[in-house]
Amino acid sequence: MDNKRFEQLLLTVQKPGRYSGGEINSVIKDKSKVDVRFAFCFPDNYEVGMSHLGMKILYSEFNEREDIWCERVFAPWPDFESVMRNNNIELFALESRDPVKDFDFLGFTLQYELSYSNILNMLELAGIPILAKDRTDFSPIVVAGGPCTCNAEPIADFIDIFFLGEGEKTDLQVIDLYKEFKKNGGTKADFLVAASKIEGVYVPSLYDVSYNDDKTVKAVTPKFGAPMPVKKRIEEDLDKTYYPEKFVVPFIEIVHDRAVEEIFRGCIRGCRFCQAGFIYRPVREKSVDTVCRQAKAICDSTGYDEISLSSLSTSDYSDLENLLNNLLSWTEKDKISLSLPSLRIDNFSDELLEKINHVRKSGLTFAAEAGTQRLRDVINKNITEDEIVKTCKTAFKGGYTAVKLYFMIGLPTETYDDIKGIADLAQKIVDTFYEMPDKPKGKSVSVNISVSNFVPKPFTPFEFHSQITREEIIKKQEYLKQCIRSKKISFSYHENKTSFLEGVFARGDRRLGKVILKAHEKGCRFDSWDEYFDLQKWMDSFAECGIDPAFYANRERSYDEVNPWDHLDYYVSKEFLIKENERAKVGKTTPNCRLQCQNCGANILGKGVCVENR
Amino acid sequence: MFALKTVRLFFVKKGNARFVSHLDMNRFMTRIVRKAGLDIWYTEGFNPHPYITFALPLPLGFEGRYEIMDIRLNNDDFDISKLVSMLNGVCPSDIQFFDAKEPIKKVGEIAFAKYEILFDDNGEIRNKLNSFLVKKPIICRKRTKKGDFKEIDLSEKIKDFQTTLEGDNTKLMLILPAGSNDNVNPSILFEAFYNENPNAYYCYDVKRISILDKNLKDFL
C-alpha cells in the first residue's frame, strides 16, 4: 500500500499517532544492510505497550547491533483493525511499515494472561499461520518472553520458543544461532532443537505432556535431548547489564509517560501472593553510580521531566538515601521530578516524602493488601496497622489530603471479618486525619481504596489454592460496599469476569490452546479491556471444547500433583513453596531475604542478596 | 539578574508529525526545549512546566508550513540566532524550525490563514471547485462546543481562492478566517463539497502555508 493511501486511512481512526511512527529516538535502518529483522510485538495497544520497560531495553539492545533491526508492533485498536481488514493491510512494523510476515522473528512479550487472544489476532492479521505446527517455513520464528512464560502452557501451541527469565543474553544467542542456520540452510526443526540447548530457552514442541484419568498432568517428557528441567536465565551483575541510554519518546500520551530507571530486580519480601516476588529472585541491585549515570543519560536523550525509579519495592533499595541525594543534586536544578512507585508502608518517612516532592507533587499509593492483621500475616505482608496509620499521618502532615490504598479480596483463609477490616482500616485513616491538630487547613480528606481480586499464580506458595468463584467475589464486593459508611472513602474494584479468566490461564495447561483458538475465531480480543471483554464467548468456547474452566481456577491442588509448569525451573523449590504455604495456614510470617535466608533455592545462583555482606 | 525575553519560533510540521494532535504538540515541544538545553522560563506553581504558547492550533492531519510558538528565555542576552539549529538538532525530521525572532505582532492580530490543498484529479474537479466556491450560500455543518452540529453559510467567509493544475493534481489555494475571533476549519468546507460531489475525488494533502493578519500580511 502506498503511503498516501495509508495516511488517508489513518485519518479515519482514533489516535492515528498509534500507527504513524516517526517518534524521537525510533530507529530507522537500511533493510538491505541487516541480517536479522526482529518485530517486537506487544499484544496490547500502543499506549500500554510503549509504557513497558522490557521492550525499551531489548529494542535498544538489539538495535545497537548493526546486523539486527528491531522494530515495534502493537495490537491495532479495533477501529483500525477493521480498516486493516477492509483494505487488506497486513500487520506491519511501525518503523518501516513493512509487513511483519517477512521478518525473521516475531517476539511477543507476555505481561498478562488476558493478552493471549491478541497474540492470535496479531498472527492472523500478519497473515502467518496461528499454530506453530503449521508454520513450516524457516521464518518467521515466533518467540515469547516475559513473566507469563513461567507458565505459558495455554499458548504453547502457538509459540515456537519461550524465553524463561531475563532475556538480555538469551535472545541474542538465539538470534546468532538463527543467523548461522539461515546461512547454512538448516531446517526449522533442527534449529529449534539446537536452540533448546541455550540456557533460558524453552521449546514447547520438544516436550510431550501426558494426563491422568482425573485430568491432572501425569508427566512432561522431553524429546530430542531437550533439557529437563528448563532453567530460567538471570543477569548476574546489573551494573554490567545492558541498559538503554535512549527511549523512544511517543508523540501521543501513553500510560507511563516518563523516563524509567530500573534500580533492582527481584524483591526481598516474599509476600506469598506475589508471583514477581518469587520468579525474579534473587534480588540484584544496581549501584548508586550506575543508577545516576543511566538516569541522567535517559533524561538528556528524551527531555522527560519526570523519572521513575522502578523496582518491585523501591523503598527497599539498600542505599536509598544516598541514591536520592545524588539524584536530587541535578534533578532539582533541571526541574525533573522523581517518582517512586511501589513504596512500602513500613519504611516511609518525612525525609523520603520531602525528597520526592522537590519539584512536583505526585499521588501517594500504598499497598496494604488485606484489612486485618491476621490476614496480612497469612500473606506475609509484614506490615502492621500502626505502620499504615502512621504512614498516612506522615502524608497528611506533608500536605497530602488524599491517599490511595490497594487491597485484595479472595485471599486464602479470608473471612467476612477480613473484608470488614478493609472498611474499618479506611475509616481509621479518615478519623486519623480529623484528629490531627496540624491537619491541612480547610481541606477534606479522601481515602481511595482500590480492591482487586486475588488470582493464585504459579511459583507462589498460594499456587495450590483454589480461586474464589465469581459469585463469591460479587458477594464479597457487595459486603465491602455495605461496610463503608463514610463519604470520604471511595471504593473501586475489579471485574470478577476478567479475574476468573486470568485465574484459568495462570495455572492452565496445553489443553487450553484449543479454547483460545476457538475464542479467537469467535472474535475475542482485548480481553483486559472491559469494553471488549465478552465472557460469554469464552464460556461457549470452553463448552465446545469440553473443558471445565473451574478445573483450573477453582480447584484446590494437592502437593503431589504434577503442575503444568513443574518442568520449568525458576530456582524457587516446590519444597520451599509448600513450607511457606504451611506457615501461611497458621498465620506465621517469614522474615525477608536480608534478615534471614530461607533457602528458597535461588541462592544456588550465588548472586545478589544471597551473597550480600550482612 | 536578566529580564525575560520572549522569542517567536517558526517551524514546519509535516509527514508523520501531521498525526500529532495540538495537545500532544504541547507536550512534545516541552520535551524538545528541555532536550535542547534551553534556559527557558518555567511557570511557577503546583506543576512547573516550560512556558510555551502556540499562535494557532493546527488540525490533526494537516501539514503546517508556517507554524508559530512563543517561548520565554531567562537570559535576555541570549543570541537567538542559535535557536533554530539548537532545536533542529533534537527534533525529528518531520518537525523542523526555520526562524526565530522577537515577536512583532500580537497573537490577537491573526485574522486569516492560507491553505493549499491537492486533489487527486486533474480535470473535472477544478471546474466543480470553481463553481462550488462562488455559490451563495454555501451551507456547511459545524460542530458546536456542545457537541451537536449547526448549519452555517461559508460563502461570505471565503476571503480568496484560486485553482490551478499541477501535473496530475488540482491545486486549490484558499484563504479563510483564523484566530480567536473567527476561525473556519477548511475541513467543513470540503465535507460540504463532498456531499454535493459524492464521487471519490479525494483530497489527500492539506497544507496550511501561512498565517496572516487582517491586511493579509504575514503574521510575524
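Since the structure is predicted, the reported quantities are computational estimates derived from the model, not experimental observations.

**Focus on the overall build of chain A**
- Along the backbone of chain A there are 21 helices and 19 strands.
- Expected size for 614 residues packed as a compact globule is a radius of gyration near 25 Å; at 24 Å, chain A falls within 12% of this value.
- Projected onto the principal axes, the alpha-carbon positions of chain A cover approximately 75 × 65 × 55 Å.
- Residues counted as buried form 61% of the 614 residues belonging to chain A.
- Summarising the internal contacts of chain A: among those between residues at least 6 apart in sequence, 76% fall at separations of at least 24.
- Only carbon and sulfur atoms are counted for the fraction: they give 49% of the accessible area of chain A, which is about 23400 Å².

**A few points about the nonpolar core**
- One finds Leu106(A), Ile155(A), Ile161(A), Phe162(A), Phe191(A) and Trp538(A) to be the most contacted residues of the largest nonpolar core, which totals 112 residues.
- A total of seven residues in this core trace back to one element, the largest contributor, which is helix α6 (residues 116-126) of chain A.
- Taken together, domain 1 (3-231) and domain 2 (236-360 + 578-614) of chain A each give at least three residues to this core, which thus spans both.
- In this view, Leu106(A) contacts Ala39(A), Cys41(A), Val100(A), Leu123(A), Ile128(A), Pro140(A), Ile141(A), Val142(A) and Val143(A); residues no more than four positions away in its chain are not counted.
- Membership of the second largest hydrophobic core comes to 101 residues, among which are Ala259(A), Met25(B), Ala36(B) and Leu87(B).

**Regarding the sheet that holds strand β4 (residues 141-145) of chain A**
Residues and elements named next belong to chain A.
- Spatially, β2-β1-β3-β4-β5-β6 is the arrangement adopted by the six strands of the open sheet, whose pairing is mixed. Two strands close off the open sheet at either side, each with one partner strand: β2 (68-74) and β6 (201-202).
- Two elements, strand β5 (residues 161-163) and β6, share two bridges in a ladder whose sense is antiparallel. When the bridges of β6 are listed, Phe163 appears paired with Val201.
- In the packing of helix α4 (residues 53-64) onto the sheet, contacts are made with β1 (36-42) and β2, and the angle to β2 comes to roughly 150°.

**As for empty space enclosed by the protein**
Residues and elements named next belong to chain B.
- Enumeration over the complete set of coordinates arrives at five cavities of 30 Å³ or more.
- Phe11, Lys13, His22, Met25, Phe54, Ala55, Leu56, Pro57, Leu58, Glu67 and Ile68 are the residues that line the largest cavity.
- Breaking the lining of the largest cavity down by element, the ones donating at least two residues are β1 (5-13), α1 (22-35) and β3 (63-73).
- Its residues assigned to classes, the lining of the largest cavity comprises eight nonpolar, one polar and two charged.
- Here the lining of the second largest cavity is composed, by residue class, of 10 nonpolar, no polar and one charged.

**With respect to the pattern of salt bridges**
Residues and elements named next belong to chain A.
- Taken as a whole and judged by the stated rule, the model has 71 salt bridges over all chains.
- Lys481 is the salt-bridge partner of Glu478, the closest N and O atoms lying 3.4 Å from each other. Taken as a pair, Glu478 and Lys481 lie in helix α16 (residues 470-483) at a separation of three residues, close to a single helical turn.
- Judged by relative accessible area, Lys481 falls into the partly exposed class, the value being 37%.
- One network of salt bridges, with partners in common, ties together Asp35, Arg65, Asp67, Asp176 and Lys179.

**A few points about the domain arrangement of chain A**
- Taken domain by domain, chain A holds domain 1 (3-231), domain 2 (236-360 + 578-614) and domain 3 (363-494).
- Distance between the C-alpha centres of domain 1 of chain A and domain 3 of chain A: 39 Å.

**Regarding the packing of helix α15 (residues 416-435) of chain A against α16(A)**
All names here are of chain A.
- Packing of α15 against α16 leaves a shortest axis separation of 9 Å and a crossing angle of 45°. Looking at the two axes, α15 sits oblique to α16. You can see that α15 and α16 cross each other, and the crossing is right-handed. Across the interface between the two elements, Tyr416, Ile419, Lys420, Ile422 and Ala423 from α15 touch Lys475, Lys476, Tyr479, Leu480 and Cys483 from α16.

**Comments concerning the interface of chain A and chain B**
- On the chain B side, the residues contacting the 31 residues of chain A number 23 residues.
- Roughly 2300 Å² is buried in total at the junction of chain A and chain B, and carbon and sulfur atoms are behind 58% of that figure.
- There are three salt bridges connecting chain A and chain B.
- Salt-bridge contacts for Asp257(A) lead to Arg31(B); the nearest nitrogen and oxygen are separated by 3.1 Å.
- Where chain A packs against chain B, one counts 10 residue pairs in polar contact (both at pLDDT 80 or more).
- For the side of chain A that touches chain B, the secondary-structure elements that each account for two or more residues are α1 (3-10), α2 (17-20) and α10 (288-302) of chain A.
- The dominant element in the side of chain A that touches chain B, judged by the number of residues it contributes, is α1(A), at four residues.
- Its residues assigned to classes, the side of chain A that touches chain B comprises 11 nonpolar, nine polar and 11 charged.

**Section: the sheet that holds strand β15 (residues 365-369) of chain A**
Residue and element names in this part refer to chain A.
- Strand order across the open sheet formed by four strands is β15-β16-β17-β18, with parallel pairing between neighbours. Both outer strands of the open sheet, β15 and β18 (489-493), are each paired with one neighbouring strand and no more. Across the sheet, the axes of successive neighbouring strands diverge by a mean angle of 25°, strand direction being ignored.
- In this structure, strand β16 (residues 402-409) lies alongside strand β17 (residues 446-453), joined through eight bridges in parallel fashion. Residue pairing in the sheet places Tyr406 in a bridge with Ser450 of β17.
- Of the strands in this sheet, β16, β17 and β18 touch α16, which is tilted by about 170° from β18.

**Description of the packing of aromatic side chains**
Residue and element names in this part refer to chain A.
- Under the defined criterion, the tally for this structure stands at 41 aromatic pairs over all chains.
- Aromatic pair Phe38 and Phe62: ring centres 4.9 Å apart, planes at 65°, arrangement edge-to-face. In this pair, Phe38 is assigned in strand β1 and Phe62 in helix α4, connecting sequence segments 24 residues apart. Note on accessibility: Phe38 and Phe62 belong to one class, buried.
- Taken together, a centroid distance of 5.1 Å and an interplanar angle of 90° make the contact between Phe433 and Tyr434 edge-to-face.

**Comments concerning the domain arrangement of chain B**
All names here are of chain B.
- You can read the domains of chain B as domain 1 (5-103) and domain 2 (108-212).
- Each partner contributes residues to the interface: domain 1 has 13 residues there, and domain 2 has 17 residues.
- Approximately 1100 Å² of surface area, both sides summed, lies buried where domain 1 meets domain 2, with 61% of it carried by carbon and sulfur atoms.
- Counting every contact that joins domain 1 to domain 2 gives one salt bridge.
- A salt bridge links Glu67 to Arg208, with the shortest nitrogen-to-oxygen separation between them at 2.9 Å.
- Put simply, domain 1 and domain 2 have six residue pairs in polar contact (both at pLDDT 80 or more) between them.
- A per-class count over the side of domain 1 that touches domain 2 returns eight nonpolar, one polar and four charged.

**Some words on a negative patch on the surface**
All names here are of chain A.
- There is a patch of like negative charges on the surface, built from Asp319, Glu321, Glu332, Asp350, Glu351 and Glu354.
- Counting residues per element, the negative patch draws most heavily on helix α12 (residues 350-356), at three residues.
- Inspection of the secondary structure assignment puts Glu351 in helix α12.

Criteria and cut-off values
- Residues numbered from 1 in each chain as written.
- Chains lettered and ligands numbered in written order.
- Predicted model: local features only at pLDDT ≥ 70, side-chain atom pairs only at ≥ 80, totals over all residues.
- Heavy atoms only, no water.
- Helix = DSSP H or I, 4+ residues; strand = E, 2+ residues; numbered from the N terminus.
- Rg over C-alpha atoms; globule rule 2.2 N^0.38 Å.
- Buried < 20%, exposed > 50% of the residue type's maximum accessible area, 1.4 Å probe, protein only.
- Contact = heavy atoms within 4.5 Å.
- Areas by Shrake-Rupley, 256 points an atom, 1.4 Å probe, with all protein chains shown as cover.
- Core = buried A, V, L, I, M, F, W, Y, C linked by side-chain atoms within 4.5 Å.
- Domains from an automatic or database assignment.
- Pairing = 2+ DSSP bridges.
- Axes fitted to C-alpha atoms, helices over the stretch in contact; angles between N-to-C directions.
- 1 Å grid on protein atoms, 1.4 Å probe; cavity = no way out; pocket = protein on both sides within 12 Å on 5 of 7 lines; lining within 4 Å.
- Points joined across faces, edges and corners; volume = space filled by probe spheres on them.
- Nonpolar A, V, L, I, M, F, W, Y, C, P; charged D, E, K, R; others polar.
- Salt bridge = Lys/Arg side-chain N within 4 Å of Asp/Glu carboxyl O.
- Parallel < 35°, antiparallel > 145°, perpendicular 65-115°, else oblique.
- Left-handed = near helix turned anticlockwise from the far one by under 90°.
- Buried area = accessible area lost by both parts, 1.4 Å probe.
- Polar contact = N/O pair within 3.5 Å; in protein donor to acceptor, adjacent residues only side chain to side chain.
- Phe/Tyr/Trp six-rings, centres within 6.5 Å; stacked < 30°, edge-to-face > 60°.
- Patch = residues over 30% accessible without salt bridge, like charges linked within 9 Å, V, L, I, M, F, W, Y side chains within 5 Å.
- Lys, Arg positive; Asp, Glu negative; His and termini not counted.
- Charge placed at Lys NZ, Arg CZ, Asp CG, Glu CD.

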